[in-house]
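Residue-level listing of the chains:
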Amino acid sequence: MKLRLSIALILIVVVPLALLGWLGIRVAQNEREVIGHRFRALLVDRLIDIDGDIAAVLGGWERQLLAETQLTGLETRELRLRAMKSPIVRQYFVLDTKGNLTYPLSTAPLNETEKRFVVRTQDIWMNKEIPSQAVQEEVVQQVQSTKVPIKGGKGGTPQVVTKQAARPTAQRKGWHVWYWDNGLNLIFWWRESSGNIVGAEVSDVRLMADIVGALPETIEQDQYQSRMSQRTPPSQASRIKLLDSNSNLVYQWGLYEATEDEQPQAALALSQPLGSWKLQYYASEDSVYGGYGKGMLFNLLSGLGAVAVAMVVLAIYFYRESSRDMREATQRISFVNKVSHELKTPLTSIRMYAEMLAGQIDEENPKAKRHLSIIVSESQRLSRLIGNVLTFSRKQRSALKIHKSKGIIDEALREVLERSETGLASNGIQIEFHPGAGKALEFDRDILEQVMCNLLSNVEKYATSADLITVTSTQTQDTVTITFSDNGPGIPASEHKKIFDAFYRVSDKVNDGVAGTGIGLTIARELALLHGGDLVLQPREKGASFKFTLQVGKESNQ
Ligand code: ADP
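## With respect to the sheet that holds strand β6 (residues 183-191)
Strands belonging to one sheet form pairs held by backbone hydrogen bonds; the direction of such a pair is parallel or antiparallel. The five strands are arranged β2-β1-β7-β6-β5 in an open sheet whose pairing can be described as antiparallel. In the strand order of this sheet, the two ends are held by β2 (101-103) and β5 (173-180), each with one partner. Direction aside, the axes of adjacent strands within the sheet are offset by 30° on average. Where strand β1 (residues 89-95) meets β2, two bridges bridge the pair, whose relative direction is antiparallel. In the strand pairing of β2, V94 is matched with Y103. Against the sheet, helix α2 (residues 76-85) touches β1 and β2, its axis set at about 145° to β1.

Quick look at the structure:
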């Protein structure tokens, strides 16, 4: 019991604490994730802004190039001169309407720059990667002839419509990107009114310089140190890196020093034509979660600690209270047990001498005989009550034992019934006995007597209106069944199960005022169970009927 109580108390403390801890950690983790998501979304917004700044540089270049006067028809000398003067152009080129390169032509005399350009770009012209007017028209025609079946036409036949949305308009300008010698090369082309495509390969060095110029300045190491200590708390420091298509660092700025294997908090690919480049945002965990993790852990732990202390105090309090109650209950039981034992011996003597005296008094003194019979029956009642109390206390201590001996059930039954006969007869109740268990067998005589006495005494107490008790015994190979019925008021169906509960007493006008403890049937059933049988109440139209079974076969030999 003590062990069970300790386990229960530990569970009462540990289980809710573990549950609370788990819930707290889950909630905190979710919160942390939400904060992380929000913060990363902000970082991505910042990267989108930076991408916009870079796109603005390229947009400025587009405008500069488009402002060029007509290039078609210009002489080679003029084109060379313009390229030389322009800070952003490396080499101009001109395509005819069919997409063939007309300047710089490899067959014409070329200077070194032009020669290198022709080598670098030969694949572009060969594969016609930059769209000419002729190619564009071809594409438009192909798309126009594509018919797309869609569902829902009348009569179930698919309706055929032209895929209008896919029809492209002839592209007028664009960027072309290609890689040469491990580097990114950019061409901007546009269509002139003549239909020719002209364009320029732009200077990558200048482009890089312009992009870097548009981005915030990189801070030198010494400035970095002083700013770190003066203005920016380390938790708010960040670093943004611009990486090229080979993931080489192009440019970086910001006060945060990322470790080598650190993952960025956010990343973004640049818009076209620099789609293979990316921006990465590095920041410390602290700046992402604002120290949430540490604070949360401290709050959680201190909260759990407080709950744990409160629960342990409560558990100790309840443990002490319950052990005190248990101690007191054990003391009470042992006191009642001792008193009952003390009472048993003198009571047996009183009963024995009263019975002896009744035998000695002659018939002429009926008054004295009646008085003696009252002493005998009352002392029998008292012994029965003491017997019940002792059995109940043994049951509480799990000390109930069965002691079988050889005998005949019907004989034992007859003896018990005869003993109660006089008392019952004085209340106008007769006993009818139908014996059917006459074979000798092993059983516990005391158990049989105690159960029967309890049933008989209940009739005396609760079935005063009855005039007949019928007792029937039957015997099979290993079971004896005794039915015990009276024709009194009976027991309401709703009480059938409860009457076997300890200390339960039916409360109605028949029972109220009748003395009792509510343990008679509890003990009777417990004893029947101990004997391998049972005691149950059977449904009956009038009165109460109990079925008492006992195992008398091999199984019951304990
Ligand atoms: P107690 O020890 O107080 O007599 P029991 O456990 O023997 O209690 O009985 C429980 C309840 O069952 C009683 O309060 C009574 O109402 C009901 N009872 C038992 N036997 C009979 C009976 N033969 N007729 C009517 N009621 C009965």
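## Focus: unusual backbone geometry
Following Y103, the chain continues to P104 via a peptide bond in cis, the omega torsion being -10°. Take P104: it is sitting in the loop between β2 and α3 (112-126). Of note, the phi angle at F503 is positive, near 65°, even though the residue is not glycine.

## Looking at the packing of aromatic side chains
Going through the model one piece at a time under the given rule, you end up with eight aromatic pairs. Taken together, a centroid distance of 6.3 Å and an interplanar angle of 20° make the contact between F93 and F117 stacked. Highlighted residues: F93 in strand β1 and F117 in helix α3, separated in sequence by 24 residues. The class for F93 is buried, based on a relative accessible area of 0%. An aromatic cluster is built from F93, F117 and W125, whose rings are joined through pairwise contacts. Lying over the aromatic face of Y282, K241 brings its terminal NZ or CZ to 4.7 Å of the ring centre. Sitting above the plane of the F500 ring, R525 keeps its charged end 5.7 Å from the centroid.

What counts and what doesn't
- Residues numbered from 1 in each chain as written.
- Predicted model: local features only at pLDDT ≥ 70, side-chain atom pairs only at ≥ 80, totals over all residues.
- Heavy atoms only, no water.
- Pairing = 2+ DSSP bridges.
- Helix = DSSP H or I, 4+ residues; strand = E, 2+ residues; numbered from the N terminus.
- Axes fitted to C-alpha atoms, helices over the stretch in contact; angles between N-to-C directions.
- Contact = heavy atoms within 4.5 Å.
- Phe/Tyr/Trp six-rings, centres within 6.5 Å; stacked < 30°, edge-to-face > 60°.
- Buried < 20%, exposed > 50% of the residue type's maximum accessible area, 1.4 Å probe, protein only.
- Lys NZ or Arg CZ within 6 Å of the ring centre and 35° of its normal.

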